[in-house]
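This is what each chain is made of:
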Amino acid sequence: SSDVCSSDLIPRWLQVLPYAVPEDLKALKQQVLLFKVNFDQTEMEAFYHIAMAQVAVGELDAADASLERVIAMGPANPQPWLRRSEIRMTRKEWAEGKRLALEAAARTSRIERRPVILATAEQLYRNGEHRLAAETYLYYLKDGPDVEMTAYLAWMLATSKDSAVRDAANALRLGGELV
């Protein structure tokens with residue numbers, strides 16, 4: 001629980017493992033914490049693992065606070081940014097989720113950035129956030145061409161239900177670039 005995980009009761013050398021009590025045992029109202037010995041774990045890693053354990057049990061506010069602390073300790077690490085993005089997307093806070101995903105992507109190489117961008121844009125699109133999805137593709141494409149990303153963006157601009165996003169002229173231009 002966040003009460004135990006966020007306190008100073010856990011020594012740094014104990015790594016919290018994410019674990020959620022199975023649905024059929026939740027009626028027992030028992031908490032389970034799993035640990036492994038990790039003498040090399042840094043304080044930043046410890047808080048990251050605590051956050052992942054908090055996510056596993058659905059304590060998203062506590063996890064978000066733990067991840068914010070991890071980011072303060074090491075802002076160059078993309079993982080806590082990405083996990084915070086996932087929390088925001090779960091809460092349907094689409095714009096903030098996108099912003100955090102792009103913060104994570106900015107801290108990676110172009111090759112590592114690609115799956116982050118694809119997953120973020122796909123989730124936004126599936127949830128009707130076409131403008132945010134298009135902005136996500138454009139963020140990636142500003143650093144150079146990519147056939148798949150360009151095709152996704154062109155298709156979205158041609159077919160979006162959102163008239164503010166739908167742009168046939170740009171879809172045709174992008175399609176022409178692909179050819």
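Report on the accompanying structure.

How each quantity is defined
Residues numbered from 1 in each chain as written. Predicted model: local features only at pLDDT ≥ 70, side-chain atom pairs only at ≥ 80, totals over all residues. Heavy atoms only, no water. Helix = DSSP H or I, 4+ residues; strand = E, 2+ residues; numbered from the N terminus. Rg over C-alpha atoms; globule rule 2.2 N^0.38 Å. Buried < 20%, exposed > 50% of the residue type's maximum accessible area, 1.4 Å probe, protein only. Contact = heavy atoms within 4.5 Å. Areas by Shrake-Rupley, 256 points an atom, 1.4 Å probe, with all protein chains shown as cover. Phe/Tyr/Trp six-rings, centres within 6.5 Å; stacked < 30°, edge-to-face > 60°. Lys NZ or Arg CZ within 6 Å of the ring centre and 35° of its normal. Expected span 1.5 Å × (residues − 1). Arc of directions from axis to C-beta. Core = buried A, V, L, I, M, F, W, Y, C linked by side-chain atoms within 4.5 Å. Axes fitted to C-alpha atoms, helices over the stretch in contact; angles between N-to-C directions. Parallel < 35°, antiparallel > 145°, perpendicular 65-115°, else oblique. Left-handed = near helix turned anticlockwise from the far one by under 90°. Nonpolar A, V, L, I, M, F, W, Y, C, P; charged D, E, K, R; others polar. Salt bridge = Lys/Arg side-chain N within 4 Å of Asp/Glu carboxyl O.

Notes on the overall build of the chain
No. 1: In terms of helices and strands, the chain carries 9 helices and 2 strands.
No. 2: Taken against the 2.2 N^0.38 rule, which gives 16 Å for 179 residues, the C-alpha radius of gyration of the chain at 20 Å runs more than 25% over that of a compact globule.
No. 3: Principal axes of the C-alpha set define a box for the chain whose edges measure 60 × 35 × 20 Å.
No. 4: Across the 179 residues of the chain, 41% fall into the buried class.
No. 5: Partitioning the intrachain contacts of the chain with sequence separation of at least 6 by distance along the chain shows that 50% fall at a separation of at least 24.
No. 6: Total accessible area on the chain is roughly 10,100 Å²; 56% of this is exposed by carbon and sulfur atoms.

Focus on unusual backbone geometry
No. 1: One non-glycine residue with positive phi stands out, namely Lys 29, at about 55°.
No. 2: Mapped onto the fold, Lys 29 is located in the loop between strand E1 (14-17) and strand E2 (34-37).
No. 3: Classification of Lys 29 by relative accessible area gives exposed; the value is 74%.
No. 4: Positive phi, close to 65°, is recorded for Lys 92, a residue that is not glycine.
No. 5: The exposure class of Lys 92 is exposed, given its relative accessible area of 56%.

Describing the packing of aromatic side chains
No. 1: All told, the structure shown has 3 aromatic pairs when counted by the stated rule.
No. 2: Looking at Arg 110, its charged tip hangs above the ring of Tyr 140, at a distance of 4.0 Å from the centre.
No. 3: Lying over the aromatic face of Tyr 139, Lys 142 brings its terminal NZ or CZ to 4.6 Å of the ring centre.

Structural notes on helix H8 (residues 147-159)
No. 1: Its 13 residues place the ends of H8 18 Å apart at the C-alpha level, agreeing with the 18 Å of an ideal helix rising 1.5 Å per residue.
No. 2: The complete set of buried residues in H8 reads Met 149, Thr 150, Leu 153, Ala 154, Met 156 and Leu 157. Projected onto a plane normal to the axis of H8, the buried residues spread over an arc of 165° and lie on a single side.
No. 3: Considering only its buried residues, H8 is in contact with helix H6 (110-126), helix H7 (130-141) and helix H9 (168-178).

Re the nonpolar core
No. 1: Judged by nonpolar contacts, the single largest core of 29 residues is most densely connected at Ile 117, Leu 124, Tyr 137, Met 149, Leu 153 and Leu 157.
No. 2: Looking at this core, the elements that each hand over two or more residues are helix H4 (78-90), helix H5 (94-106), H6, H7, H8 and H9.
No. 3: The element best represented in this core is H7, accounting for 7 residues.
No. 4: Those residues in contact with Met 149 that lie beyond four places of it in its chain are Arg 114, Ile 117, Leu 118, Tyr 137, Tyr 140 and Leu 141.

Describing the packing of H6 against H8
For any two helices packed against each other, the geometry is given by the interaxial angle and the distance between the axes.
No. 1: As a packed pair, H6 and H8 sit with axes 12 Å apart at the nearest point and diverge in direction by 15°. Classified by the angle their axes make, H6 and H8 are roughly parallel. Once H6 is placed against H8, the crossing between them reads as left-handed. For the pair H6 and H8, the contacting residues are Arg 114, Ile 117, Leu 118 and Tyr 125 in the first and Glu 148, Met 149, Tyr 152, Trp 155, Met 156 and Thr 159 in the second.
No. 2: Here the residues of the contact of H6 with H8 are counted per class, giving 7 nonpolar, 1 polar and 2 charged.

Structural notes on the pattern of salt bridges
No. 1: Enumeration over the complete set of coordinates arrives at 16 salt bridges.
No. 2: Between Arg 83 and Glu 86 there is a salt bridge whose closest N-O contact spans 2.8 Å. Residue Arg 83 and its partner Glu 86 are both found in helix H4; the two are separated by 3 residues, about one turn of the helix.
No. 3: Of the residues examined, Glu 86 reaches a relative accessible area of 39% and is grouped as partly exposed.
No. 4: With its nearest N and O atoms 3.5 Å apart, the salt bridge here joins Asp 143 to Lys 142.
No. 5: On the basis of relative accessible area, Lys 142 is assigned to the exposed category, the value being 56%.

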